[in-house]
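Single-letter residue listing:
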Amino acid sequence: MRFLSILFFFLVGFFGYAQVTITGVILDENGLPLRDAHVHIANKTTSTDANGSYVLSGIPKGKQKLYISFIGYHAIEETIEISTDLTINRQLKLDVTKLDDITIRQLSNSKSESSNEQVLKSATIEKFSNQTLGEALKEVSGVSILKTGSTIVKPIINGLHSNRVPIINNNVRLEDQQWGTEHAPNLDINSAGKITVIKGASALQYGGDAIGGIVVIEPELIKKDTLVGKTILNLASNGMGGSLSSSLQKGNRYGWSWNALGTFKYLGDKETPDYMLSNSGNREQNFSGGIRYAQEKYNFNAMYSFYNAQIGIIKASHIGNVNDLYNSINKQQPSVIEPFTYSIDAPKQEVQHHLAKVNYQRWLSENASIDFQYAFQFNNRLEFDVRRSSANNDKAAFDLQLATHTFLADYKTNIGNWRLKSGLNLGYQNNFANPKTGVRPLIPSYEKLDAGLYGIAVYKFDNATSLESGIRYDFSTIEATKYYLKSRWTERGYDAEFSHFIVGEEGNQWLTKPTFDYHNITANIGFRKQFHHEMEWLVNVSLASRNPNPSELFSDGLHHSTGQIELGDLRLEKEQAYKFNTTFNKDWKSFRIQINPFINRISNFIYLQPTGFETTIRGAFPVWEFKQTEALLAGFDVNTKWEISNHFSHELGMAYVNGQNLSTNEYLIDMPPFVINNKIQYKNESWFNFVGELKSETVFRQNQFPNYNFETNIVVNNILTPVIVDISSPPNGYHLLHLYSEMTFKINKRNSLTTSFSIQNIMNTTYRDYLNRQRFYADEMGRNVQIQLKFNY
Amino acid sequence: MKNLKLIVLLVIPVLFSTSCSNDDEVVNEEEVITTVTTTLTGGGQVITLTSRDLDGDGPNAPVVTVSGNLTAGTTYQGSTTFSNELADPFEDITAEIEEENLDHQIFYFLSGALGNITYSASDLDSEGNPVGLHFTFVAGASGTTGTLTVTLRHLPNKNAVGVAEGDITNAAGNTDAEVYFPLTIN
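Conventions and cut-offs
- All residue numbers refer to positions counted from 1 along the written sequence of the respective chain.
- Whichever chain is written first becomes A and whichever ligand is written first becomes 1, with later ones labelled in order.
- The predicted origin of the model limits local features to residues at a pLDDT of at least 70 and limits the giving and counting of side-chain atom pairs to 80 or more, whereas totals for whole chains, interfaces and linings rest on all residues.
- Just so you know, side-chain values use all the structure's heavy atoms and leave hydrogens and water out.
- Where helices and strands are cited, they refer to DSSP runs of H or I of at least four residues and of E of at least two residues respectively, numbered from the N terminus.
- Relative accessibility under 20% of the residue-type maximum defines a buried residue, over 50% an exposed one, and the middle range a partly exposed one, all with a 1.4 Å probe and only protein chains included.
- The contact rule is simple, with two residues in contact once any of their heavy atoms fall within 4.5 Å.
- The Shrake-Rupley method, run with a 1.4 Å probe, gives the accessible areas here. Residue values count only the displayed protein chains as cover.
- We compute the radius of gyration from the C-alpha atoms alone; for a globule the expected value is 2.2 Å times N to the 0.38, where N is the number of residues.
- A residue counts as positive if it is Lys or Arg and as negative if it is Asp or Glu; His and the chain ends are not included.
- Throughout, a charge is located at the NZ atom of Lys, the CZ atom of Arg, the CG atom of Asp or the CD atom of Glu.
- Here a strand pair is declared whenever DSSP counts at least two bridges between the two strands.
- Only C-alpha atoms enter the line fits that serve as axes; for helices the fit covers just the stretch in contact. Angles between N-to-C directions range over 0 to 180 degrees.
- In predicted models, pLDDT denotes the confidence assigned by the predictor to each residue on a 0 to 100 scale.
- Should a side-chain nitrogen of Lys or Arg be within 4 Å of a carboxyl oxygen of Asp or Glu, the pair is scored as a salt bridge.
- Distance and chemistry together define a polar contact, namely a pair of N or O atoms within 3.5 Å, with one atom able to donate a hydrogen and the other to accept it when in protein, and with adjacent residues in sequence counting only for side-chain atoms on both sides.
- Basically, the charged four are Asp, Glu, Lys and Arg, the nonpolar ten are Ala, Val, Leu, Ile, Met, Phe, Trp, Tyr, Cys and Pro, and anything else, Gly included, counts as polar.
- Planes of paired rings set the category: under 30 degrees apart is stacked, over 60 is edge-to-face and the rest tilted, where pairs are Phe, Tyr or Trp rings (Trp by its six-membered ring) whose centres lie within 6.5 Å.
- Patch definition: residues with relative accessible area over 30% and no salt bridge; like charges joined within 9 Å; nonpolar side chains (Val, Leu, Ile, Met, Phe, Trp, Tyr) joined within 5 Å.

Student: Is there a simple way to think about the overall build of chain B in this case?
Tutor: Tallying secondary structure elements over chain B gives 2 helices and 10 strands in all. Counting from the amino terminus, helix and strand elements in chain B follow one another as α-β-β-β-β-β-α-β-β-β-β-β. Each of the 186 residues in chain B was classed as buried or not, and the buried ones make up 49%. In chain B, once contacts between residues fewer than 6 apart in sequence are set aside, the share between residues at least 24 apart is 67%. When the accessible surface of chain B is split by element, carbon and sulfur atoms take 55% of a total near 8,400 Å².

Student: Mind showing me how you'd approach the overall build of chain A here?
Tutor: From N to C terminus, chain A includes 7 helices and 46 strands. Computed over C-alpha atoms, the radius of gyration of chain A comes to 28 Å, within 12% of the 28 Å expected from 2.2 N^0.38 for 793 residues, which places it in the range of a compact globule. Along the three orthogonal principal directions, the C-alpha set of chain A runs to about 90 × 65 × 55 Å. Counting only residues that meet the buried cut, chain A has 59% of its 793 residues in that class. Within chain A, counting contacts between residues at least 6 apart in sequence, those at least 24 apart form 65% of the total. Counting every atom, chain A has about 31,700 Å² of accessible surface; 57% of that belongs to carbon and sulfur. Taking the average place of the 77 positive charges on the side chains of chain A and the average place of its 78 negative ones, the gap between the two points comes to 5 Å.

Student: Help me understand the sheet that holds strand β15 (residues 214–218) of chain A, please; the structure alone is not making it clear to me.
Tutor: Pairing between the strands of a sheet comes from backbone hydrogen bonds, and it takes one of two forms, parallel or antiparallel. Residues and elements named next belong to chain A. Taken in spatial order, the 5 strands line up as β9-β14-β15-β12-β13 in an open sheet, and their pairing is mixed. If you trace the sheet from one side to the other, it starts and ends with β9 (116–121) and β13 (172–173), each paired once. Sheet analysis places strand β12 (residues 167–169) next to β15, joined by 3 bridges and oriented parallel. When the bridges of β15 are listed, isoleucine 167 appears paired with valine 215.

Student: Is there a simple way to think about the sheet that holds strand β2 (residues 38–41) of chain A in this case?
Tutor: All names here are of chain A. Within the open sheet, the 4 strands sit side by side as β3-β2-β5-β6. Their pairing is antiparallel. The two strands at the open ends of the sheet, each matched to only one other strand, are β3 (44–47) and β6 (76–82). Geometrically, the sheet is characterised by an average inter-axis angle of 20° between neighbouring strands, direction not taken into account. Sheet analysis places β2 next to strand β5 (residues 62–69), joined by 4 bridges and oriented antiparallel. Its bridge partner being in β5, valine 39 is matched across the sheet by isoleucine 68.

Student: What exactly am I supposed to notice about the confidence of the model for chain B here?
Tutor: Chain-level statistics for chain B give a pLDDT mean of 85 and a share of 88% at 70 or above. Confidence over residues 13–22 of chain B falls short of pLDDT 50; this stretch has 18 contacts with residues more than four positions distant or in other chains.

Student: Explanation requested: the environment of serine 487 of chain A in the structure shown.
Tutor: Tracing the chain through its elements places serine 487 of chain A in helix α5 (residues 486–491). Separated by 21 residues in the primary sequence, serine 487 of chain A and asparagine 508 of chain A place their C-alpha atoms 7.9 Å from one another. With near-sequence residues (within four places) excluded, serine 487 of chain A lies in contact with Asp55, Pro59 and Asn60 of chain B.

Student: Help me understand the interface of chain A and chain B, please; the structure alone is not making it clear to me.
Tutor: By a frequent convention, interface size equals the accessible area lost on bringing the separate parts together. The partner chain B presents 60 residues to the 64 residues of chain A that form the contact. Joining chain A to chain B, the criterion identifies 1 salt bridge. With a closest N to O distance of 3.2 Å, arginine 153 of chain B and aspartate 324 of chain A form a salt bridge. On inspection of chain A and its partner chain B, the count reaches 9 residue pairs in polar contact (both at pLDDT 80 or more). In terms of residue count, strand β25 (residues 398–415) of chain A provides more of the side of chain A that touches chain B than any other element does, 4 residues in total. Of the residues in the side of chain A that touches chain B, the class split is 25 nonpolar, 24 polar and 15 charged.

Student: Would you mind going over the side chain of lysine 579 of chain A with me for this structure?
Tutor: Residues and elements named next belong to chain A. Summarising the element assignment, lysine 579 is placed in strand β35 (residues 575–587). One buried charged residue, lysine 579, remains without a salt bridge, the closest side chain of opposite sign being aspartate 637 at 7.4 Å. A polar atom in the side chain of lysine 579 sits 3.1 Å from the side chain of asparagine 158. A distance of 3.5 Å separates a polar side-chain atom of lysine 579 from the backbone oxygen of glycine 212. If we skip the residues at most four places from it in the chain, lysine 579 touches Asn158, Lys199, Gly200, Ile211, Gly212, Asn540, Val541, Ser542, Phe598, Ile599 and Asn600.

Student: Help me understand the side chain of aspartate 176 of chain A, please; the structure alone is not making it clear to me.
Tutor: Residue position: aspartate 176 of chain A is located in the loop between β13 and β14 (194–199). In this view, aspartate 176 of chain A contacts His183, Ala184, Pro185, Asn186, His353, Asn379 and Leu402 of chain A; residues no more than four positions away in its chain are not counted.

Student: I keep staring at the pairing of strand β1 (residues 35–42) of chain B and nothing clicks. Help me out?
Tutor: Residue and element names in this part refer to chain B. By the criterion of burial, β1 is predominantly enclosed, with 6 of the 8 residues buried. For β1 and strand β4 (residues 75–84), the ladder comprises 7 bridges, and the chain directions are antiparallel. When the bridges of β4 are listed, threonine 37 appears paired with threonine 81. Here β1 pairs with strand β2 (residues 45–52) via 8 bridges, running antiparallel. Paired with glycine 42 across the bridge in β2 is glutamine 45. In this structure, the hairpin formed by β1 and β2 is closed by a connection of 2 residues, where glycine 43 is found at a positive phi of approximately 55°.

Student: Would you mind going over unusual backbone geometry with me for this structure?
Tutor: Working note: non-glycine residues mostly have negative phi, and peptide bonds are mostly trans. Between alanine 346 of chain A and the following residue, proline 347 of chain A, the backbone shows a cis peptide bond with an omega angle of 0°. Tracing the sequence through the fold places proline 347 of chain A in the loop between α4 (322–331) and β23 (348–363). In this structure, leucine 155 of chain B takes a positive phi of about 50° despite not being glycine. Tracing the backbone through its elements, the reader meets leucine 155 of chain B in the loop between β9 (145–154) and β10 (174–184).

Student: I tried to follow the packing of aromatic side chains on my own but got confused; where do I start?
Tutor: Both the distance between ring centres and the angle between the ring planes are used here to describe each pair of aromatic rings. Residues and elements named next belong to chain A. Following the criterion strictly, the structure yields 33 aromatic pairs over all chains and no others. A ring pair is formed by tryptophan 256 and tyrosine 293, whose centres lie 4.8 Å apart and whose planes are at 55°; its orientation type is tilted. Highlighted residues: tryptophan 256 in strand β18 (residues 255–267) and tyrosine 293 in strand β21 (residues 282–294), separated in sequence by 37 residues. Taking the relative accessible area as the measure of exposure, tyrosine 293 reaches 22% and is therefore partly exposed. When the ring of phenylalanine 372 is compared with that of phenylalanine 407, the centres are 6.5 Å apart and the planes differ by 20°; the resulting orientation is stacked. Highlighted residues: phenylalanine 372 in strand β24 (residues 368–384) and phenylalanine 407 in strand β25, separated in sequence by 35 residues. Taken individually, phenylalanine 372 and phenylalanine 407 each receive the classification buried, so the pair is uniform in this respect.

Student: How should the environment of tyrosine 374 of chain A be read in this particular structure?
Tutor: Residue and element names in this part refer to chain A. Within the element layout of this structure, tyrosine 374 appears in strand β24. Spatially, the C-alpha atoms of tyrosine 374 and phenylalanine 648 are 48 Å apart, while their sequence positions differ by 274 residues. A polar contact is formed between the side chain of tyrosine 374 and the side chain of histidine 405, at a distance of 2.8 Å.

Student: What is the right way to read the pattern of salt bridges from this model?
Tutor: If charged atoms from side chains of opposite charge come close, those side chains can pair. Residue and element names in this part refer to chain A. The tally for this structure, following the rule as stated, stands at 44 salt bridges over all chains. The closest approach of N and O atoms between glutamate 614 and arginine 488, which form a salt bridge, is 2.9 Å. With glutamate 614 in strand β36 (residues 591–616) and arginine 488 in helix α5, the pair connects residues that are 126 residues apart, well separated along the chain. Residues glutamate 614 and arginine 488 agree in their burial class; the two are buried.

Student: What's the story with a nonpolar patch on the surface in this structure? I'm lost.
Tutor: Residues and elements named next belong to chain A. A contiguous nonpolar surface patch, about 740 Å² in accessible area, is contributed by Leu227, Leu248, Trp256, Trp258, Ile291, Ile747, Phe791 and Tyr793. Considering the arrangement of structural elements, one finds leucine 248 in strand β17 (residues 241–251). Residue classification places leucine 248 among the partly exposed residues on the basis of a relative accessible area of 32%.

Here it is, written out as structure tokens:
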């Protein structure tokens with residue numbers, strides 16, 4: 001009987017699963033049609049067109065939820081009884097006070113239809129106002145960070161970093177000598193309103209070389225006629241300093257709008273639980289501003305930003321020869337520990353980055369738009385070393401001036417169920433290695449030209465199913481001007497193959513002009529399917545190509561700040577990666593899970609390998625050579641979010657990467673270890689919007705590493721003894737606890753004050769991280785207590 | 001109108017293109033030490049030990065020459081000089097070490113039973129610690145062979161245990177030169 005009743009309900013449910021179509025128009029506060037408003041009924045979503053109208057078909061009968069939203073407006077949330085086809089029209093009301101809390105991710109806004117995309121919203125970004133972009137990105141599972149000390153931080157996506165992860169700031173690709181590992185992205189995190197991480201190379205409009213993934217940074221854009229601002233003040237105990245960031249925005253849907261932002265950071269020496277990290281202070285002075293003029297059919301915008309940073313490099317990391325390195329690894333204690341100071345001495349970096357752009361966008365019809373953009377970037381990187389003669393310490397040992405011009409044109413159109421995007425880019429780059437430093441530059445002067453062309457098509461079968469495919473062609477040519485020591489030229493065996501590059505001779509050096517051309521085809525195909533039961537499946541296959549960059553081709557000589565000889569190779573060929581990437585999202589009422597496995601097969605994978613040592617008059621130095629191999633990276637990222645009750649929630653993030661060097665049957669060097677993050681949050685709106693979070697970060701020891709140790713002779717107890725220099729073994733795993741809490745006080749209708757209190761590394765744990773280039777010299781930072789005040793006005 | 005805007009956008013890059021010129025100026029390493037010479041004078045002998053690395057940080061190892069063998073039991077007055085032969089004119093770095101004597105110390109290490117080295121009492125920095133440019137070498141027993149290691153340390157901790165006596169173990173700082181001379185005692 002029971003079985004029969006179940007069957008009965010089942011059948012009724014099945015036959016009762018009739019579907020209807022709902023149409024309507026969404027208007028703004030003035031009764032004008034609202035374009036791109038988000039409409040969500042049952043599990044179907046869509047956006048309104050230029051007339052404000054929408055159509056949603058396949059809605060099941062019965063009680064359904066209706067949700068309509070648009071940035072800057074009060075969302076409408078209702079339950080409606082549906083029995084037949086309906087017209088539902090709504091008018092949205094302005095929401096002035098909550099403006100900067102709302103970020104809605106619409107399908108039409110996604111950078112890639114079929115790749116895993118994760119977004120950091122402004123509330124998360126603000127938590128890191130005092131820190132770096134890399135640290136904020138660590139909030140996304142599958143993103144780890146590569147560090148040089150405590151301030152130079154860059155993201156690693158699915159095991160890959162540096163120029164395999166382009167950073168797009170305000171639709172401009174950041175060109176900031178990010179090829180080497182000790183260059184952080186030159187960007188003020190406070191200028192970001194939204195950060196999107198795309199794991200995979202599928203966003204072809206940004207370039208075809210994103211073998212790891214892409215980070216897209218967009219400013220906040222307020223389309224409402226209002227003037228808003230915010231000021232964030234941070235104070236940190238570790239480094240005994242802080243930052244102040246202030247911004248003002250005048251929004252407007254049509255007509256003029258503008259924004260301006262300034263940030264100052266000032267921090268002294270950081271400390272580990274046991275000692276000061278001498279010379280680890282940093283400073284930043286940043287400014288950005290923009291104007292925008294918009295009309296119904298077109299808009300024009302211009303922006304300029306200036307990033308200026310001074311970063312101390314801990315003194316203990318400036319080593320001489322291999323004996324110093326051996327001593328540092330074995331003593332596990334920095335060779336220089338001095339009392340706290342704010343001053344920054346050599347070794348240090350000073351970086352300036354200017355970015356200016358103009359952009360013009362025009363709607364050709366309701367469904368088509370065209371976009372032109374010109375951007376200019378100028379980056380000046382000065383690295384100061386401890387010179388033999390102290391009098392020379394103020395003279396940079398490294399002075400690179402990189403100027404980049406890029407022009408973009410993009411065309412977008414919607415035709416029926418097709419969405420098409422195509423465009424081209426032209427770029428010219430000039431790198432000038434200033435010879436006045438008196439140190440042979442590791443990166444030579446060069447000129448580079450780029451041209452690219454792409455097309456992307458998305459076909460929507462229905463609201464729940466879409467297919468995406470894209471193709472891109474890139475041409476680049478690079479000509480460098482470089483002096484090679486004749487002895488190095490011969491040792492590398494360049495005589496036979498590359499003698500045509502030689503154009504002159506100067507003492508014991510050859511003047512060469514190496515020139516390389518590259519033609520690259522990149523492509524991807526992907527699929528997105530939204531099932532009932534709140535389940536989504538994304539799958540993407542991409543082919544990406546990356547040219548060897550100047551440091552990989554031309555490096556030759558002693559890298560003073562790391563005490564190693566780095567050797568590039570003119571024979572390096574382009575890398576090609578085939579990445580398969582799939583994502584499952586499942587949403588229960590209070591529990592959400594996302595699983596993202598991937599496989600990345602990379603041909604000609606370029607990596608830096610310790611190969612032995614070379615003897616100079618300074619003694620022996622470890623030699624690191626750029627090598628190429630067949631590589632396979634595979635892994636997965638998992639995220640869950642559980643709303644335990646109205647007040648409590650739990651989040652879990654896990655990431656695993658396995659990197660194989662297929663040519664030698666070893667593991668790949670510098671792969672992120674397995675990481676698990678757990679976060680418990682308590683929220684209570686009636687206590688001034690109290691939020692309290694406890695986060696646990698567990699990083700396992702990386703047991704998958706290649707052994708590149710080598711032997712050298714050093715003086716031990718006054719006897720010359722052969723020893724093994726252990727540069728391969730990863731440090732132990734570690735577990736950290738972090739606390740974050742905040743409260744928001746309304747001052748009046750428009751103004752509010754948010755105060756937050758946070759502690760990083762509560763237990764003051766001593767640890768070293770495998771992905772910190774300075775792990776041979778010092779521990780990581782200890783406990784850090786931070787206070788943040790944020791005024792919204 | 002539309003075309004005009006387009007032209008403006010295309011012209012701007014050209015205006016900006018006047019960035020720095022890539023002249024082909026050669027960089028000669030300024031701070032390289034190419035040559036370390038230790039001279040031992042005593043018992044009517046002048047023995048010159050030279051380590052010369054004319055490609056600086058390049059791949060070729062330094063060329064080491066030793067002008068003769070030492071005589072057992074003899075006391076030698078030693079001194080060491082540093083220079084950069086790649087610089088034009090030739091750069092004498094010894095004078096610079098004397099000027100910045102607080103920031104430098106030269107260490108000597110003898111393997112086996114080659115003998116004993118002590119710093120000359122007169123060769124002190126402004127705080128009374130040794131610099132190590134001058135020393136006394138008492139040769140060991142006849143038939144001994146081994147290596148003399150000469151190390152120039154930059155920014156050493158001269159007050160650490162044993163450093164003033166010439167023991168490099170606790171000296172820290174970083175190495176500006178480190179050369180090895182094979183010695184034989186007759």
